[in-house]
Every structure is written in structure tokens, then in C-alpha cells.
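Breakdown of the fold
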Amino acid sequence: MSTNRNAARMKPLAIAFSSLLLAGCASFSSDGGLDTVSAFTRERTGQAVQRDSSAEDTAASASAVKQFLTQPLTPDAAVRIALANNKGLQAAFAELGIAEANLVQAGRLRNPGFSFGRIRGGDNIDIDRSILFDFVGLLTLPLRTGIESRRFEQAKLQAAAQAVQLATDTRKAYFNAVGAQQALHYAGQVTTAAEASAELAQRMSRVGNWSRLDQAREQAFYADATTQLARARHNAVAAREQLTRLLGLWGSALDYAIPERLPELPERLTDANDIEAQAMRQRLDVQIARQGASATASALGLTRATGFINVLELGYANKSQTGEPRQNGYEIELALPVFDWGTARRARAEAIYMQSLQRTADTAIRARSEVREAYSAYRTRHDIARHYLDEVVPLRKRISDEVLLRYNGMLASVFELLTDSRAQVSSVNAAIEAQRDFWIAETNLQAAINGNGSGGGSTEIRGQAVAEAQPQH
Amino acid sequence: MVSRRNFLASAATMVGAGVVTRVGAASLPEAVIMETAATQAPLAPPNGRPYHPVVTLNGWSLPWRMNNSVKEFHLVAEPVVREFAPGMKANLWGYNGQSPGPTIEVVEGDQVRIFVTNKLPEEHSIHWHGQRLPNGMDGVTGLTQPGIPPGKTFVYEFTAKRPGTFMYHPHADEMVQMAMGLMGFWVTHPKNPDFMRVDRDFVFLLGNYDIQPGSYTPKVSTMLDFNLWTINTRVFPGVDSMNVRQGDRVRIRMGNLTMTNHPFHLHGHEFAVTGTDGGWIRPEARFPEVTMDIGVGQMRALEFIADEPGDWPFHCHKSHHTMNAMGHNIPTMIGVDQKGIAEKINRLVPDYMAMGERGGAMGSMEMPLPDNTLPMATGEGPFGNIEMGGMFTTVKVRKEQKPGDYSDPGWYKHPKGSVAYEWTGNVPAATRAPGASLSAAGVEYRARKPQGHQH
């Protein structure tokens with residue numbers, strides 16, 4: 001019995017050794033893995049990616065970007081520019097190159113070497129000469145190649161995830177920038193109304209028709225409005241700069257144009273059917289987790305088979321965090337079966353495998369929940385934005401029309417008219433914010449289905465404070 | 001006047017048989033209704049004791065039925081729509097199709113029976129303001145009678161003892177029902193038709209309403225800040241003129257059912273106050289006046305000889321009462337240069353127009369207003385805008401106005417040289433007090449800074 005079992009154990013090892021020569025032939029691919037990344041990205045964002053590996057590539061993508069910048073940006077154009085131009089993403093592609101180099105390296109034996117040592121102590125001189133040959137390397141070469149090729153696959157997925165994340169971030173930054181610019185426009189209108197009030201109040205006070213108290217009140221409102229305008233102006237700059245960073249633009253490209261208005265709300269909404277299944281198919285974090293689990297499974301198989309090869313893979317993190325180096329690495333341990341026939345190692349490998357399975361399940365459950373939440377946010381944001389467009393703004397307009405009629409009949413004062421026009425402007429502004437929030441929610445939904453999720457941010461929708469005019473008469 | 005026979009049929013079924021038996025009547029008298037706000041010709045008495053009828057401004061007098069020497073009237077309290085002036089209508093409560101209700105005219109000593117049908121959604125009762133009558137006929141819900149429930153008819157019966165000027169109004173949920181326009185005039189003529197005989201006898205009630213611009217129903221909870229001050233629930237230019245023949249002795253009888261007093265002022269003549277709701281004033285107690293203040297809940301009769309031909313205003317001297325709906329919270333814009341600001345506002349409110357810089361006159365401006373809202377001060381006269389509204393009307397005195405003719409003779413044709421005219425000669429500089437000078441800002445005074453503590 002026991003001999004049989006040992007024979008069965010020895011078999012995969014024999015295969016591993018026999019595949020040595022074949023594995024040794026690993027070489028660089030023509031695309032460096034980018035074709036796969038590009039396909040992944042295109043499937044999820046509609047846009048391909050490319051890698052600037054030469055000066056010609058860089059020049060070509062620079063001229064394409066330049067072409068896009070001749071017109072006010074659309075969300076898609078912004079994504080294309082970011083994918084072509086964002087240096088962070090290009091750095092991620094370099095990571096891909098590193099992974100491939102590792103893979104190729106793993107398929108080659110270390111060169112044999114000589115070492116020479118000379119130690120002198122007192123009158124004695126010891127001279128050490130040795131010939132080095134990487135025997136362990138030779139034994140683990142097929143394992144290493146297998147692991148590195150899986151790591152290369154992961155690197156591709158991770159590069160794609162980063163590209164999709166960039167596309168998501170760019171879209172959000174785009175809508176933020178357009179929205180902030182529109183908000184700035186309306187803050188300017190509020191300030192104009194406040195300025196008119198303050199100026200009128202000043203002139204009224206000058207000819208003796210108004211008290212200093214009333215005048216000061218109008219002046220105070222104008223002063224506040226000016227602060228708001230400054231704030232809105234900075235926010236517009238900040239939002240635009242965020243977009244600029246993601247687009248990877250600098251220098252003369254900085255005066256790119258963004259449209260004056262956000263895109264209209266879509267006529268048709270994405271259906272809720274099937275979004276969870278779609279997310280399971282599409283989500284890159286789910287795929288990365290799944291791949292990690294299968295890698296662990298093959299390591300487990302090996303450990304089970306031999307009992308004295310222990311492969312520990314580390315660092316199949318769900319996603320890469322910006323600013324933090326990815327935790328990556330692996331360890332192959334070849335034990336000599338002298339005292340220990342490897343039961344503990346097998347148990348450990350099994351536990352690690354179970355752990356990776358649970359992690360995959362966790363990722364999947366989280367992804368399903370995220371996509372449902374993102375969908376709710378998307379629907380609600382849409383309904384709110386529609387409500388603003390169809391109800392709130394027309395109502396405010398009607399109120400303003402009626403206040404104007406009252407002003408005409410000397411039933412309301414010019415200040416009531418101005419207060420109301422400020423309220424109308426704020427409601428238009430709130431409508432724009434709602435429209436922007438819808439587009440961001442739409443982007444988040446796409447990210448929840450296709451990317452790595454909505455980024456974990458809360459989608460809680462808070463109430464909006466709209467300045468309410470209370471005309472009295 | 002319209003007979004509403006179909007209403008009568010339904011009213012008859014509504015009235016309990018017991019009520020009919022108790023009043024000894026086979027049926028209710030006809031409830032005549034009026035559907036126009038135009039002043040109706042005086043109602044010459046077809047039967048009963050003779051009298052000289054009054055003219056109700058923008059109103060009418062209620063016909064009666066003689067039933068075994070009892071004068072029977074039928075008032076129906078009901079929701080009505082009253083035009084305040086062309087371009088503005090209000091949902092009110094009134095009597096027999098109108099607010100105010102028809103004037104009731106009887107003669108001293110008449111036996112009067114009034115059927116009151118309540119077609120309001122709440123209890124009702126009528127108080128006969130100023131009358132001497134049995135306490136149980138005084139019409140005070142809860143105190144002298146139960147309220148008349150919706151759909152029911154009650155009967156009031158008394159003898160019109162004292163001649164004079166009276167009114168009727170609800171005494172059930174009085175605040176709401178009067179704010180909704182329920183009120184009417186009552187004249188008890190003297191037995192002797194020649195007692196204090198006049199050629200023209202006009203009557204009306206003063207009312208106040210708060211109908212917010214763009215709405216149709218009065219705010220019944222308003223206490224003082226009304227925006228429509230009415231003569232017989234009409235506002236100028238919806239109030240008819242009082243047309244008289246030159247030399248006529250004219251009597252105007254007014255009742256005040258508003259929340260404040262009204263100093264009424266007649267142009268071109270002086271008058272004497274000859275009666276109150278307490279009765280006629282002895283000639284030796286009268287004094288000449290051109291303005292008479294009429295307090296809340298009071299009646300006044302004034303008389304004058306209309307000997308000056310022309311179109312003479314007769315109006316409340318509280319100038320806000322000769323305006324229609326207006327904002328009371330509007331800052332004064334007089335002298336405020338709005339240049340530059342208007343353009344700024346126009347960017348936000350394209351249809352905005354600067355107003356008030358040269359005063360409040362809006363005669364030449366025609367701007368859209370909220371629905372069902374009258375311009376603040378209008379009324380076209382022969383020389384342009386009269387810039388009046390609310391409690392304003394005219395007495396038109398004409399030589400050629402025939403006795404008994406109450407029709408509007410049109411605008412007065414002034415004899416040549418009798419209208420104020422423009423001076424076209426040299427204008428000498430105005431004499432100023434020595435040392436006075438205009439300050440740069442055009443303000444004609446100089447503030448003296450307080451000095452010391454003697455002041």
C-alpha cells in the first residue's frame with residue numbers, strides 16, 4: 001500500500017522534471033501581454049489601451065490626444081485621453097513588463113558560476129575556490145514557471161483593473177468638472193442678484209428711503225454671495241485640475257475645453273435584470289480572486305502529491321491600492337523527507353486553499369451587494385434629477401413668473417423679486433447637481449458591474465438645502 | 001330681475017310643513033334673484049303704503065308679496081360670484097344672487113314677515129341692525145334663536161316701528177359670514193311720504209375684503225390689512241356714479257360694515273348729516289361738513305343741494321382705501337436712480353421693469369398682473385387716468401338730468417375757460433428764504449448734527 005502511494009506521489013515530480021527542458025524555452029511575447037489587457041479594458045469601457053514603449057508610440061498617442069483636445073471634451077473622449085495619456089497607467093503597464101520578465105526569467109536556470117575567496121589571518125592565507133550550480137533552481141524550475149505564468153495573468157488582470165478604474169475616475173472627474181463649472185455660472189448669477197440688491201439698497205439709503213439697517217442687511221447678503229462665488233470658483237478649478245491630472249495633461253494642453261452643460265438625462269435606463277450575473281462575469285476583482293484560488297488549488301495539488309514540496313503564494317490582493325506597493329511574492333520550499341512526511345504541510349496548504357476559496361466567495365458576495373446598491377443609487381439619482389427637471393425647476397419658474405406679476409402690480413417689492421430669483425437660481429443649481437450626481441451614479445454602476453466596484457464610497461443620498469424665498473405681502 | 005321658479009319648487013319642499021302651517025301661508029313668497037351688478041332703477045311700491053323709493057348703488061331693492069296686509073319677503077343666503085370691477089370676480093356668500101343682498105324697503109308701521117332660507121354650508125341667522133323688534137326676532141344665534149341649519153328656512157316677523165336707515169347682516173359665525181359678503185340695506189320710510197322729502201335717495205354699504213392677488217375667495221381671517229375696500233361690494237372703477245339733476249336735494253345713506261372708520265368726503269358741496277341709525281337728526285342739531293367720518297357698525301345719512309354742475313368725487317379720505325389690492329411692504333423708490341441695476345436684474349428677470357423712481361403713478365404702464373387682480377389705481381376719466389380705486393365714486397350733477405332719470409349722463413362738458421390750464425408765459429424763479437440752498441444730492445434740507453446735551 002505504502003509503496004504504491006509513494007509511487008503515485010513520485011509521478012508528478014517526475015513529470016515536473018521531465019518538463020524541465022520545455023519550460024526552459026519561455027520567451028517574451030510580441031505584445032508583452034497588453035493585447036489581453038486591451039481586450040479586457042475594451043470589453044468594459046469601450047476603449048482600448050496601448051503602451052508607450054517607444055518614442056514613436058509616445059508621439060503617436062500625443063498627437064491623438066491633441067486631436068481630441070481640439071473640441072470640448074465628451075465623457076468618452078476624456079476616457080480615451082486618460083487611457084492614452086495617463087502616466088500612472090503607463091507605469092502600471094511597465095509592471096506588466098516586469099511580470100513578463102519574471103516569467104521568462106523563471107523559465108531559465110541561473111548561470112553556473114565560480115567563486116573565489118581569499119582570507120588572510122596572521123601568516124595563514126586561506127584561498128577558497130568553488131564552482132556554483134543552482135541545483136534547487138533546477139528542481140523548482142517548472143514550479144516557478146507555472147507560478148510566474150499565473151502571476152503574469154494576474155498582472156494582466158490587474159493592469160486591466162487599473163485601466164478600468166482610471167476610466168471610472170476620469171468619467172467621475174469629468175462630470176464633476178462640468179457640474180462645478182455650471183455651478184460657478186449660477187453662483188455668478190446669485191451674486192449678480194445680490195449685487196443688484198445691495199446697490200439698490202445703497203442708492204435707496206443715499207436718497208433717504210431706507211434705513212442703514214436694511215441697507216446693511218442687503219450688503220451682508222451680497223458679501224456672503226461673494227464668498228460663495230469665490231468658493232464656487234475654487235471648486236471649479238479644483239474639479240478641473242482633478243480631471244487634468246487624470247487626463248495626464250500639462251503645458252499648452254491645459255486650456256482644453258469642457259462643455260457648458262452636463263449631458264441630458266438618458267431616455268432609457270439600464271435594466272436591473274441580470275446585473276448581478278453580469279458583474280460575476282465581468283468584475284475584475286472577482287476574476288482576480290477566482291484566479292488566485294485556482295492558483296492555490298494547483299499548489300495544493302502539488303503539495304498533496306509530493307508531501308514535501310510546499311508552495312506558498314502570497315499577495316493575491318483584491319485590488320491594488322494607489323500609493324501602496326502591491327504585496328506580492330511566493331516561496332517554494334523543498335523539504336527532504338527524512339523526519340517529516342509532510343502531513344502538517346498538507347494541512348497548511350489545504351487551509352490556505354480554503355482561505356482563498358472563502359476570499360473568493362467574499363469578493364463575489366461583496367460584488368453582488370455593491371452592484372445592487374449601485375443600481376439603487378443610479379435609479380434614485382435618475383428619479384431625483386428627473387424630478388428636478390420636470391417638477392422643481394418648472395415650479396420655481398412659475399413662482400418667479402407670479403412674483404414678477406406681483407411686482408408689476410406693486411404688490412411685491414423689487415427685493416422680493418430678487419430674493420425669488422436667487423431661489424430660482426439655487427433650484428436650477430440643485431437640478432444641475434442632481435444631474436451630475438446621476439452621471440456619477442451611472443459611472444459607479446458601470447464600475448460595479450465591470451470594474452472593481454464603486455470604490456467602496458457610501459451612496460447615501462442626503463437632503464439638499466435649497467434657499468427658499470418667503471415673499472411677504 | 002329673474003324669478004327662479006325651479007328654486008322655489010325646491011325651497012317649498014325643503015320647508016317643513018309645520019313651519020308653513022305656523023306662518024299661515026300656503027307657500028313661500030318668490031325668492032327673486034338679481035344677476036347683474038348694475039344699479040337698478042328704484043322700485044316703486046306696487047301696493048301697500050306709498051313711499052319714495054331709494055336707489056341702491058350697484059344694487060337693487062327686493063320685491064315683496066302682500067299676504068293679508070303682511071309684507072312678505074324671501075331672502076336666500078347662498079354662495080354667489082360678485083364682480084368687484086370689470087376684470088375681477090370673487091367667490092362670496094350673498095343673498096338672492098348678490099352681495100350685498102337686496103335692499104328691503106318698508107314703511108313705518110308695516111307688518112313684515114321675512115323668510116330666510118339658508119343655502120350656505122353652515123348655520124345662519126340674520127340680525128336686523130337698528131330695528132325695534134321682539135327680542136326673539138333679533139337674529140342672534142344661540143342667544144335669541146337657534147341657528148338656521150343648512151337647507152332650512154326660518155321666518156322673522158315684526159312691525160317696522162321706527163322710520164330710518166338700517167341694515168341686516170348675519171349673527172351666526174358673523175366674522176366669517178360678513179367677511180364673505182353677507183349683508184344688506186334696510187330702509188323704513190316714514191308714514192308721511194313728504195317727511196324730509198328728497199329728490200334722490202342713494203344707499204350703499206361699505207365692506208372690506210382680503211382677496212390675495214391671483215385668488216378668488218376672501219381670506220376670512222384677515223383682521224385689518226384688507227386689500228379691497230368696497231362700496232356695495234364693488235371697487236372703483238366698478239362703482240356706478242350717483243347721477244342727479246342740478247338743484248336736486250340729494251340724500252346719501254351709508255352703512256359701515258368694515259373693520260375701520262371711513263371719513264367720506266364730498267367735493268364741490270357741503271352737506272349736513274341728517275340721520276344716524278338711531279333716527280333723524282333735528283334740523284337745529286345739524287352742522288355743515290364736507291367730510292363725515294362713519295364709524296364701524298354705524299349708519300349715516302347726509303343731505304345736500306346739488307347745485308354745482310360737474311363730476312364731483314365722493315370717496316373715503318383714507319387714501320389706501322381708494323386703492324385696489326396693493327403691497328404694503330414695498331420700499332419707496334422715489335428718487336432712487338435705478339440705472340445699471342435694472343440691466344443687472346434684467347439678466348436674471350428678463351421682463352423686469354424699474355418702477356417707482358418718479359413716484360407711484362402707474363397710469364401709462366400696462367403690465368401683466370396676476371390673475372383676477374385689478375391694477376392698483378385706475379379708472380379712466382375724460383382727462384386720463386383717475387388713479388383711484390376702492391371706495392371712490394362720483395356725484396354727477398347735470399342741469400339736463402330729468403327727474404327720476406338715474407342713467408349715467410357721461411363725462412361733464414366743462415364750460416369754456418373753466419378747466420385748469422397750462423401756463424405758457426415766463427416762469428419767474430421761485431422765491432426762497434434767504435440762505436437756503438440746494439445740497440449737491442438734491443436734498444432740500446441739511447441735517448444738523450446734535451451738539452451738546454441741551455436738546
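From a predicted model like this one, the values you see are computed outputs, not experimental measurements. (Residues numbered from 1 in each chain as written. Chains lettered and ligands numbered in written order. Predicted model: local features only at pLDDT ≥ 70, side-chain atom pairs only at ≥ 80, totals over all residues. Heavy atoms only, no water.)

**What about the sheet that holds strand β12 (residues 184–189) of chain B?**
Strand-to-strand pairing in sheets goes through backbone hydrogen bonds, with the strands running parallel or antiparallel. All names here are of chain B. Basically, it comes down to this: Pairs of strands are assigned from DSSP output, requiring at least two bridges between the strands. Strands here mean DSSP runs of E at least two residues long; helices mean DSSP runs of H or I at least four residues long; both are numbered from the N terminus. Every axis corresponds to a line fitted to the C-alpha atoms, with the helix fit spanning only the stretch in contact, and the corresponding angles, defined between N-to-C directions, vary from 0 to 180 degrees.
Pairing within the open sheet is mixed, and its 4 strands lie in the order β7-β12-β11-β9. If you trace the sheet from one side to the other, it starts and ends with β7 (104–107) and β9 (126–129), each paired once. Across this sheet, the average inter-strand angle for adjacent strands is 20 degrees, counted without regard to direction. The pairing of β9 with strand β11 (residues 164–170) spans 4 bridges and is classified as antiparallel. Its bridge partner lying in β11, Ile126 is registered against Pro170.

**Things to note about the sheet that holds strand β23 (residues 310–316) of chain B**
Residue and element names in this part refer to chain B. The 5 strands lie next to each other as β15-β26-β23-β17-β21, forming an open sheet whose pairing is mixed. The sheet terminates laterally at β15 (242–245) and β21 (291–294), the two strands that pair on one side only. Looking at each pair of strands side by side, their axes are set apart by 20 degrees on average, direction ignored. Both β15 and strand β26 (residues 392–398) contribute to a ladder of 4 bridges, which runs parallel. Each residue of the ladder has a partner; that of Asn243, found in β26, is Lys396.

**Some words on the confidence of the model for chain B**
All names here are of chain B. The condition is simple: A residue's pLDDT is the predictor's confidence in that residue, given on a scale from 0 to 100. Note on definitions: a residue-residue contact is assigned when non-hydrogen atoms from the two residues lie within 4.5 Å.
In the predicted model, chain B carries a mean pLDDT of 88, and 88% of its residues have values of at least 70. Segment residues 1–25: pLDDT under 50, and 38 contacts once partners within four positions in sequence are set aside and those in other chains are kept. For this predicted complex, the interface confidence score (ipTM) comes to 0.79, while the overall pTM stands at 0.77.

**Structural notes on the packing of helix α9 (residues 275–282) of chain A against helix α11 (residues 343–408) of chain A**
If you want to describe how two helices pack, look at the angle between their axes and the distance between the axes. Residues and elements named next belong to chain A. For clarity, the cut-off: Just so you know how the angles are binned, under 35 degrees is roughly parallel, over 145 roughly antiparallel, 65 to 115 roughly perpendicular, and the rest oblique. Handedness of a crossing follows from how the near helix is turned relative to the far one, being left-handed for an anticlockwise turn of less than a right angle and right-handed for a clockwise one. Note that Gly is not counted as nonpolar here; it falls among the polar residues with everything else outside the nonpolar set of Ala, Val, Leu, Ile, Met, Phe, Trp, Tyr, Cys and Pro and the charged set of Asp, Glu, Lys and Arg.
Packing of α9 against α11 leaves a shortest axis separation of 9 Å and a crossing angle of 130 degrees. Between α9 and α11, the angle falls in the class oblique. As for the relative orientation of α9 and α11, their crossing is right-handed in sense. Residues Ile275, Glu276, Ala279 and Met280 of α9 form the contact with α11, whose own contacting residues are Ala364, Ala367, Arg368, Val371, Arg372 and Tyr375. A per-class count over the contact of α9 with α11 returns 7 nonpolar, no polar and 3 charged.

**So, the nonpolar core**
Rule in force here: We call a set of buried residues a nonpolar core when its members are Ala, Val, Leu, Ile, Met, Phe, Trp, Tyr or Cys and they connect through side-chain atoms within 4.5 Å of each other. The rule is simple: take the accessible area with a 1.4 Å probe, protein chains only, and divide by the maximum for that residue type; under 20% is buried, over 50% is exposed, in between is partly exposed.
Formed by 100 residues in total, the largest nonpolar core has its most connected members in Leu73, Leu243, Leu247 and Val414 of chain A. By residue number, the principal contributor to this core is helix α7 (residues 135–206) of chain A, which donates 23 residues. Setting aside its immediate chain neighbours within four residues, Val414 of chain A contacts Leu200 and Tyr407 of chain A together with Met333, Ile345 and Tyr352 of chain B. Listed in part, the 32 residues of the second largest apolar core include Val32, Trp93, Val107 and Leu120 of chain B.

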